[in-house]
Amino acid sequence: MATGEYPREHARSMNDPEGFWAEKAEALVWDRKWDQVLSHDDPDGAPRWFVGGRLNTCYNAVDRHVDAGRGDAIALIHDSPVTGQTRRLSFAELRDATARLAGALRARGVEAGDRVVIYMPMVAEAAIAMLACARIGAVHSVVFGGFAAPELAKRIDDAKPKLILTASCGIEGSRVIPYKPLLDAAIAASQSAPEACILLQRPQCTAELTPGRDTDWAEAVAAAEPADCVPVAATDPLYVLYTSGTTGKPKGVVRDNGGHAVAMHYSMKAVYNMDAGEVFWAASDVGWVVGHSYIVYAPLLAGCTTILYEGKPVGTPDAGAFWRVCAEHGVKSLFTAPTAFRAIKKEDPEGAHLQRYDLSRFEALYLAGERCDPDTIAWAAGLLKVPVVDHWWQTETGWPVAAVCRGIEEGTVRSGAAGLPVPGFDIRVLDDDGQPVPADGIGNIVIKQPLPPGTLPTLWNNEDGFREHYLSRYRGYYLTGDAGKIDPDGYVWVMSRIDDIINVAGHRLSTGAMEEVLAGHPAVAECAVIAVEDATKGQLPVGMVVLKSGVSQDHDSLIAELIQRVRDEIGAVAAFKRAYVVQRLPKTRSGKVLRKTMRAIANGESPSVPATIDDPAILDEIREALGTPVGSA
Ligand code: COA
Ligand code: AMP
């Protein structure tokens, strides 16, 4: 049951959202106070927060702490087991590095409102790049390093950046991945490529710069005049982050400056119980929303030390890596995806590595990104002897929607549930007709408008798509795309997606995008990609393809081509390693592919055969195919 300040705090955020958020916003420095806390004149659109207000997010995250006398406090630790290096930057050093890079951007014509694509590995410069954009009001769009060139090209074409910030390589475990060939291929494939790139040379693999286009990062920064923070409107975009939708076209989630800064700052204490000077570690990647919110912006806005970790939970060098980082840097709270803990549990089920480290400063573990199995929660809690908090959010919301808010309550964690609604979020469960589902009944999870500060105000260049995807299904509610229930005590249980989005090792991917890639192969007549359960990664994609008549290529070589195609078009991160050739796909008589039925078969269930199926015999072939791994890795 919820206790402490939480019930009162949540009720106030519902009954008086303007008073509640105005009070939270006072913690930041504003160049101009807002005229209106909340504007929601168009009930079919998103609300706008702090209208008329002006501030700078980088100032609040970095310079503000220097000005308050905390310039020597450590802001950012880059911990990189893959290079054997650790680098610490104080708030003053982070400010100087950010101001110089901002100056280099400005020297190349980047101004407030211009987009900058950031395609970088997990190095301190990735965070500096984001902050440098924020400093001059430019809009960054970070692209995850595990995406292949065509995915990068799609994002370049949509964001139309003035400049790209990149590095010579990323390091995945013991593998060095050169970025320059990917960058060149993406620029060649793009219609809106910028004229300038700044490239960080890493000693593990230096890149040959393209004359007239590329500048060496160190030279650009050395030659730059430091740039000061530029106040922007609270409602101006801070960043665009592309996320998987149901098709191959990623959705550009927009984040504003004012609402975002307020929500980030508030969440660090309320949700994560963090105070300035304490060490927070989100073991994710800057390319995902967790990286934006909880590696870069929120911890810095709250004056915490943040850790940017370039390594894996296992193999860099062993399953004790997370405990080493926590002990060495005095981490108070760790946030990661359940898949990372499943990987550690698989390698070190007894937790033997933990014995080598002193975790006395470690207070809580937060898990999100996918549904967490109760076994993993119990294992982690038993081993670490700290609260393990499953909490639920998505790229679109930018911060947790449901959690056990440890800063304002002593409520207990309920295994299997993602916690209680976070202040600001009014969570409901509706049936397909829009009627409220009673407690414990499964339905569509929605958030009643107005969405709180920090959530997406629109999709980049796609307001119509934003309304259609999220706001049109139920008037007055935001459709999360997740299905689940609220139990009689108010805990939210997130059970599954209602669309074709899957979650592979905590990475959000679209089966629709993979189907588009398979369908592009000349031998494929039609196809379906479904998610099967996986003990470590949660879900893995599996393809079913029907060949065009007359195709004589042997199936093993064809499947190898299809697997490579997904890797080349989407990226290794898709983990697409299984596909089968079948005679036909199971369909309804009206031609709808029965993905849910195939998914159930793949997961070893015995689904009831839909009455509308056109040919029940086809399910036997699917069963047989899935039991006969062809071309599996
Ligand atoms: N750049 C280039 N390639 C990348 C990459 C990056 N930034 N990130 C992942 N890849 C590659 C991997 O090397 C792997 O390639 P492979 O097929 O050649 O082996 C492939 O993409 C799949 O990566 P991943 O799913 O991460 O699998 P893994 O076996 O390397 O690691 C885990 C498995 C569970 C340890 C890892 O996924 C993990 O730590 N997950 C944490 C989840 C997370 O950070 N989620 C973010 C949201 S909170
Ligand atoms: P992303 O946008 O990559 O953060 O992915 C968001 C999606 O991940 C959500 O819509 C959910 O489907 C899933 N998800 C995130 N956190 C949880 C959680 N704690 N429990 C269940 N599903 C989750």
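Not measured: the values here are computed from a predicted model.

Student: Help me understand the overall build of the protein chain, please; the structure alone is not making it clear to me.
Tutor: The number of helices and strands found in the protein chain is 18 helices and 31 strands. Here the protein chain has a C-alpha radius of gyration of 24 Å; the compact-globule value for 633 residues is 26 Å, and the two agree. Principal-axis analysis of the C-alpha atoms places the extent of the protein chain at approximately 75 × 60 × 55 Å. In the protein chain, buried positions account for 60% of the 633 residues.

Student: Help me out: how do you make sense of the sheet that holds strand β19 (residues 364–367) in this one?
Tutor: Each strand in a sheet pairs with its neighbour through backbone hydrogen bonds, running either in the same direction (parallel) or in the opposite one (antiparallel). Pairing within the open sheet is mixed, and its seven strands lie in the order β5-β4-β17-β16-β18-β19-β20. For this open sheet the edge positions go to β5 (85–90) and β20 (388–390), each flanked by a neighbour on one side alone. Here the average twist between neighbouring strands, direction ignored, is 20°. Inspection of the sheet shows strand β18 (residues 331–336) paired to β19 by four bridges, in the parallel sense. Pairing of Leu 334 across the sheet is with Leu 365, part of β19. Each of β18 and β19 touches helix α12 (residues 338–347); the most contacted strand, β18, lies at about 100° to it.

Student: Looking at this structure, I do not really get the site of ligand 2. What am I missing?
Tutor: Close contacts around ligand 2 come from 15 residues, with His 391, Thr 395, Asp 482, Arg 497 and Arg 508 the closest. Arg 371 has a polar backbone atom sitting 3.4 Å from a nitrogen atom of ligand 2. Its residues placed into classes, the shell around ligand 2 shows four nonpolar, five polar and six charged.

Student: So what exactly am I meant to see when it comes to the side chain of Ser 168 here?
Tutor: Its place among the elements puts Ser 168 in the loop between β8 (163–167) and β9 (169–172). By relative accessible area, which is 0% here, Ser 168 ends up buried. A distance of 2.8 Å separates the side chain of Ser 168 from the backbone nitrogen of Arg 202, its partner in a polar contact. At a separation of 2.7 Å, a polar atom in the side chain of Ser 168 contacts the main-chain carbonyl oxygen of Cys 205. Beyond its immediate sequence surroundings of up to four residues, Ser 168 is in contact with Ile 177, Pro 178, Tyr 179, Lys 180, Leu 199, Leu 200, Gln 201, Arg 202, Cys 205, Thr 206 and Ala 207.

Student: Help me understand the packing of aromatic side chains, please; the structure alone is not making it clear to me.
Tutor: Two numbers describe a pair of aromatic rings. These are the distance of the centres and the angle of the planes. Tallying each qualifying case throughout the model produces 31 aromatic pairs. With 4.4 Å between their ring centres and 35° between their planes, Phe 144 and Trp 288 make a pair best called tilted. Taken together, the residues span a long stretch of sequence, with Phe 144 in the loop between β7 (139–142) and α6 (149–159) and Trp 288 in the loop between β16 (279–282) and α10 (289–301) at a distance of 144 residues. Note on Tyr 470 and Tyr 478: the rings are 5.3 Å apart at their centroids and 15° apart in plane angle, and the pair reads as stacked. Each member of the pair, Tyr 470 as well as Tyr 478, is classed as buried.

Student: Would you mind going over the confidence of the model for the protein chain with me for this structure?
Tutor: Detailed reading of the predicted model is not advised wherever pLDDT is low. Mean pLDDT over the protein chain works out to 95, with 98% of the residues at or above the 70 mark. Every residue in residues 628–633 scores below 50 in pLDDT, and together they form 13 contacts with partners more than four places removed in sequence or on other chains.

Student: Would you explain the side chain of Asn 503 in this entry?
Tutor: Here Asn 503 shows up in strand β27 (residues 501–504). Polar side-chain contacts of Asn 503 include one of 3.5 Å to the backbone nitrogen of His 507. Not counting the four nearest positions on each side in its chain, Asn 503 is found in contact with Gly 369, Glu 370, Arg 508, Lys 537, Gly 538 and Gln 539.

Student: Help me understand the nonpolar core, please; the structure alone is not making it clear to me.
Tutor: Here is a general trend for soluble globular proteins: nonpolar side chains tend to be buried in one another's company. Counting residues in hydrophobic clusters, the biggest one holds 124 residues, and the most contacted among them are Phe 50, Leu 165, Tyr 272, Tyr 294, Tyr 297 and Phe 335. It is helix α5 (residues 124–135) that contributes the most residues to this core, 10 residues altogether. Excluding its chain neighbours within four sequence positions, the residues that come into contact with Leu 165 are Leu 101, Leu 105, Val 116, Val 117, Ile 118, Tyr 119, Met 120, Ala 129, Ile 198 and Trp 217. Of all hydrophobic cores here, the second largest spans 31 residues; its members include Ala 321, Ala 327, Leu 384 and Val 388.

Student: Could you clarify how one ought to interpret the site of ligand 1 in this entry?
Tutor: For ligand 1, the set of nearby residues contains 22 residues, the closest of which are Glu 172, Arg 175, Lys 312, Lys 537 and Arg 567. In the model, an oxygen atom of ligand 1 is placed 2.9 Å from a nitrogen or oxygen of the Lys 537 side chain. Taken by itself ligand 1 offers 940 Å² of open surface, and the protein chains cover 83% of this.

Student: Which parts of the structure should I look at to understand the pattern of salt bridges?
Tutor: Opposite charge on two side chains permits them to pair, given that their charged atoms come into close proximity. Using the criterion set out here, one finds 43 salt bridges in the structure. Note that Asp 373 and Arg 342 form a salt bridge whose closest N and O atoms lie 3.2 Å from each other. Residue Asp 373 is found in the loop between β19 and α13 (374–384), and its partner Arg 342 is found in helix α12; the two are separated by 31 residues along the sequence. Judged by relative accessible area, which is 26%, Asp 373 ranks as partly exposed. Linked by salt bridges that have partners in common, Glu 9, Arg 12, Glu 23 and Lys 24 make up one network.

Student: Could you clarify how one ought to interpret the packing of helix α17 (residues 595–602) against helix α18 (residues 618–627) in this entry?
Tutor: Two quantities define a packed helix pair, namely the angle between the helix axes and the distance between the axes. It is at 10 Å that the axes of α17 and α18 come closest, and there the two elements cross at 40°. The angle between α17 and α18 places the two elements in the oblique class. When you trace α17 past α18, the crossing you get is right-handed. Residues Thr 597, Met 598, Ile 601 and Ala 602 of α17 lie in contact with α18, whose contacting residues are Leu 619, Ile 622, Arg 623 and Leu 626. The residue makeup of the contact of α17 with α18, split by class, is six nonpolar, one polar and one charged.

Student: I would appreciate a short explanation of unusual backbone geometry in the present structure.
Tutor: Keep in mind that most residues, glycine aside, have a negative phi and that most peptide bonds are trans. Between Thr 316 and Pro 317 the backbone carries a cis peptide bond, its omega angle lying at 0°. Within the secondary structure, Pro 317 is located in the loop between β17 (305–309) and α11 (321–329).

Student: What's the story with α18 in this structure? I'm lost.
Tutor: Working note: α-helix, 3.6 residues per turn, so residues spaced by three or four point in the same direction. Taken residue by residue, α18 has Ile 618, Leu 619, Ile 622, Ala 625 and Leu 626 as its buried positions. All buried residues of α18 project into a common sector of 120° when viewed along the axis, lining one side. Those residues of α18 that are exposed and angled more than 90 degrees off the buried face are Glu 624 and Gly 627.

Student: What's the story with the sheet that holds strand β26 (residues 492–497) in this structure? I'm lost.
Tutor: Pairing is antiparallel across the open sheet formed by four strands, whose spatial order is β23-β24-β25-β26. Looking at which strands have only one partner, the edges of the open sheet turn out to be β23 (427–430) and β26. In this sheet, adjacent strand axes meet at a mean angle of 50° when their direction is disregarded. The pairing of strand β24 (residues 443–448) with strand β25 (residues 477–486) spans five bridges and is classified as antiparallel. From the neighbouring strand, Val 446 faces β25, where its bridge partner is Leu 479.

Student: What's the story with the pairing of β26 in this structure? I'm lost.
Tutor: One face of the sheet, then the other: side chains in a regular strand alternate in exactly this way. Where β25 lies against β26, five bridges are found, and the strand directions are antiparallel. For Asp 482, the partnering residue across the bridge sits in β26 and is Arg 497.

Parameters at a glance
Residues numbered from 1 in each chain as written. Chains lettered and ligands numbered in written order. Predicted model: local features only at pLDDT ≥ 70, side-chain atom pairs only at ≥ 80, totals over all residues. Heavy atoms only, no water. Helix = DSSP H or I, 4+ residues; strand = E, 2+ residues; numbered from the N terminus. Rg over C-alpha atoms; globule rule 2.2 N^0.38 Å. Buried < 20%, exposed > 50% of the residue type's maximum accessible area, 1.4 Å probe, protein only. Pairing = 2+ DSSP bridges. Axes fitted to C-alpha atoms, helices over the stretch in contact; angles between N-to-C directions. Contact = heavy atoms within 4.5 Å. Near = heavy atom within 4 Å. Polar contact = N/O pair within 3.5 Å; in protein donor to acceptor, adjacent residues only side chain to side chain. Nonpolar A, V, L, I, M, F, W, Y, C, P; charged D, E, K, R; others polar. Phe/Tyr/Trp six-rings, centres within 6.5 Å; stacked < 30°, edge-to-face > 60°. pLDDT = per-residue confidence, 0-100. Core = buried A, V, L, I, M, F, W, Y, C linked by side-chain atoms within 4.5 Å. Areas by Shrake-Rupley, 256 points an atom, 1.4 Å probe, with all protein chains shown as cover. Salt bridge = Lys/Arg side-chain N within 4 Å of Asp/Glu carboxyl O. Parallel < 35°, antiparallel > 145°, perpendicular 65-115°, else oblique. Left-handed = near helix turned anticlockwise from the far one by under 90°. Arc of directions from axis to C-beta.

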